[in-house]
Amino acid sequence: MSKMMEKVMSGMMKPEDMPKMMDSMMSHMFESMSVEDRIEFVTTMMPKCLNILLSEVDGESRIRLAKGMLDNLAGVRQESQHE
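Report on the accompanying structure. (Residues numbered from 1 in each chain as written. Predicted model: local features only at pLDDT ≥ 70, side-chain atom pairs only at ≥ 80, totals over all residues. Heavy atoms only, no water.)

### Quick word on the overall build of the chain
What counts here: Starting at the N terminus, helices and strands are each numbered in turn, a helix being any DSSP run of H or I of at least four residues and a strand any DSSP run of E of at least two. Buried, partly exposed and exposed residues are distinguished by accessible area as a fraction of the type maximum, computed with a 1.4 Å probe on protein chains only: under 20%, between the cut-offs, and over 50%, respectively. In short, Shrake-Rupley with a 1.4 Å probe defines the accessible areas, and a residue's cover is counted only from the protein chains shown.
The helix and strand tally for the chain stands at four helices and zero strands. Traced from its N-terminal end to its C-terminal end, the chain shows the element sequence α-α-α-α. Out of the 83 residues in the chain, the part that is buried amounts to 6%. Accessible surface computed for the chain: about 7500 Å², of which carbon and sulfur atoms make up 61%.

In structure tokens, the structure reads:
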């Protein structure tokens, strides 16, 4: 991760490459975690991340973000019930 940040800070990485890099980094990080560690990470970090994300977001955008997140969580729950 520090090497990736060095690339970004030195201008070697284009902003449009960031989503792919972040996806790869997150996948690698979660693959190495146990189920309990994943749950703890998400339940601890999600409130912090949401506070940062929502700090400068207007009301309509907050609603859109919340709806998207709730729809995704509902989808996960429905998939789990069909297994």
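Resuming the write-up.
### A word on the packing of aromatic side chains
Cut-off, in case you're wondering: Pairs were defined over the aromatic rings of Phe, Tyr and Trp, the Trp ring being its six-membered one, requiring ring centres within 6.5 Å. Orientation was assigned from the angle between planes: stacked under 30 degrees, edge-to-face over 60, tilted for the rest.
For the coordinates displayed, the defined rule picks out one aromatic pair. Pairing Phe30 with Phe41 gives two aromatic rings, centres 5.3 Å apart and planes at 80°, and the pair type is edge-to-face. Pair noted here: Phe30 is in helix 2 (residues 18-31) and Phe41 is in helix 3 (residues 35-54), with a separation of eleven residues, a long-range link.

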